[in-house]
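# Residue-level structure breakdown
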Amino acid sequence: MRTGHYHHGDLRAALLERAEQTLREQGADALSLRELARSLDVSHAAPSRHFKDRRALLDALALAGVQRLTAAARSGLARSGDGFRERAFAVARAYVDFAADHGALLELAFARKHDPAVTDGLELAWQPLKDDLRALIALGQAQGLIRAGDADRIGAILFTAVHGVAAQTASGRLSGPALDEVFDDLLTHLLRGLAPGADDEPLAEPAAPTC
């Protein structure tokens, strides 16, 4: 019988690390608590002390992904200045770069978020990112660079566009200079389109959540 090499307190971290590796290399369908236990040389029952089933493991991976994405976005904001345009480019680029490095994890985070049985913890994990996006749009409005209207709806436009580039980056269809060009063009034209205009009508409240 396997006795394992992990003392109490670090098996959970080891399981998540190995699970993310499997996710990245083989996809979510290859994830199995039994296989993770085998690869870590612990008993088949050992993972159940930390994850009651495969769904719990996927939720934990997704939660870690959202938390790391939020940290990356906030790190980008922290390195930027106080101007809206600079901050918008910084947070959007942080999002795209995260997708390039952790595409499978980002895809899983979205898949679990939209699962009918999504946990409260995973839903709440997205809130800081939504709050940061709302604050960014409010800053743009205060600086006269974004049209008046509901910040959540305007944020949804920005988020959806950037997520499209992130998805292409995660799949490998965009990289290198081509990615830089598409990213810069997208943000430039998008922010120009969201700028105030004499004939603009304020955007109303959104019909759906931003992300």
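Residues numbered from 1 in each chain as written. Predicted model: local features only at pLDDT ≥ 70, side-chain atom pairs only at ≥ 80, totals over all residues. Heavy atoms only, no water.

This part takes up the overall build of the protein. If you tally the helices and strands in the protein, you get nine helices and zero strands. Counted from the first residue to the last, the protein has its helices and strands arranged as α-α-α-α-α-α-α-α-α. Counting across all 211 residues of the protein, residues that qualify as buried make up 41%. In the protein, the share of contacts with a sequence separation of at least 24, taken over all contacts with a separation of at least 6, comes to 72%. When the accessible surface of the protein is summed, it comes to about 11,300 Å², and 51% of that surface belongs to carbon and sulfur atoms. (Helix = DSSP H or I, 4+ residues; strand = E, 2+ residues; numbered from the N terminus. Buried < 20%, exposed > 50% of the residue type's maximum accessible area, 1.4 Å probe, protein only. Contact = heavy atoms within 4.5 Å. Areas by Shrake-Rupley, 256 points an atom, 1.4 Å probe, with all protein chains shown as cover.)

Okay, the nonpolar core next. The nonpolar side chains of a soluble globular protein tend to be buried with one another. The biggest cluster of nonpolar side chains holds 60 residues, and the ones touching the most others in it are Leu61, Tyr95, Trp126, Leu158 and Leu187. Ignoring any residue separated from it by four or fewer positions in sequence, one finds Leu187 in contact with Ala88, Phe89, Ala92, Leu158 and Val162. (Core = buried A, V, L, I, M, F, W, Y, C linked by side-chain atoms within 4.5 Å.)

Attention now goes to the packing of aromatic side chains. On inspection of all chains with the given rule, the structure shows four aromatic pairs. The interplanar angle of 85 degrees and the centroid separation of 6.0 Å between the aromatic rings of Phe89 and Phe183 together place this pair among those described as edge-to-face. With Phe89 in helix 4 (residues 84-101) and Phe183 in helix 9 (residues 176-193), the pair connects residues that are 94 residues apart, well separated along the chain. Clustering of aromatic rings is evident, with ring pairs tying together Tyr95, Phe110, Trp126 and Phe159. Cation over ring: Arg93 sits above Phe183, and NZ or CZ is 5.2 Å from the ring centre. (Phe/Tyr/Trp six-rings, centres within 6.5 Å; stacked < 30°, edge-to-face > 60°. Lys NZ or Arg CZ within 6 Å of the ring centre and 35° of its normal.)

Axis separation between helix 1 (residues 11-26) and helix 3 (residues 54-79) bottoms out at 10 Å; the angle between their running directions is 85 degrees. Here helix 1 is positioned roughly perpendicular relative to helix 3, judged by the angle of their axes. Contacts between helix 1 and helix 3 pair Arg12, Leu16, Ala19, Glu20 and Leu23 from the former with Leu57, Ala60, Leu61 and Arg68 from the latter. Of the residues belonging to the contact of helix 1 with helix 3, the class tally is six nonpolar, no polar and three charged. (Axes fitted to C-alpha atoms, helices over the stretch in contact; angles between N-to-C directions. Parallel < 35°, antiparallel > 145°, perpendicular 65-115°, else oblique. Nonpolar A, V, L, I, M, F, W, Y, C, P; charged D, E, K, R; others polar.)

For helix 9, which comprises 18 residues, the first-to-last C-alpha distance of 26 Å matches the rise-based estimate of 26 Å (1.5 Å per residue) to within 8%. Taken together, the buried positions of helix 9 are Leu179, Phe183, Leu187, Leu190 and Leu191. Seen from one end, helix 9 has its buried residues packed into an arc of 95 degrees, which puts them on one side. Turned more than 90 degrees off the buried face of helix 9, the exposed positions are Pro177, Glu181 and Arg192. Those residues of helix 9 that are buried lie in contact with helix 4 and helix 8 (151-170). (Expected span 1.5 Å × (residues − 1). Arc of directions from axis to C-beta.)

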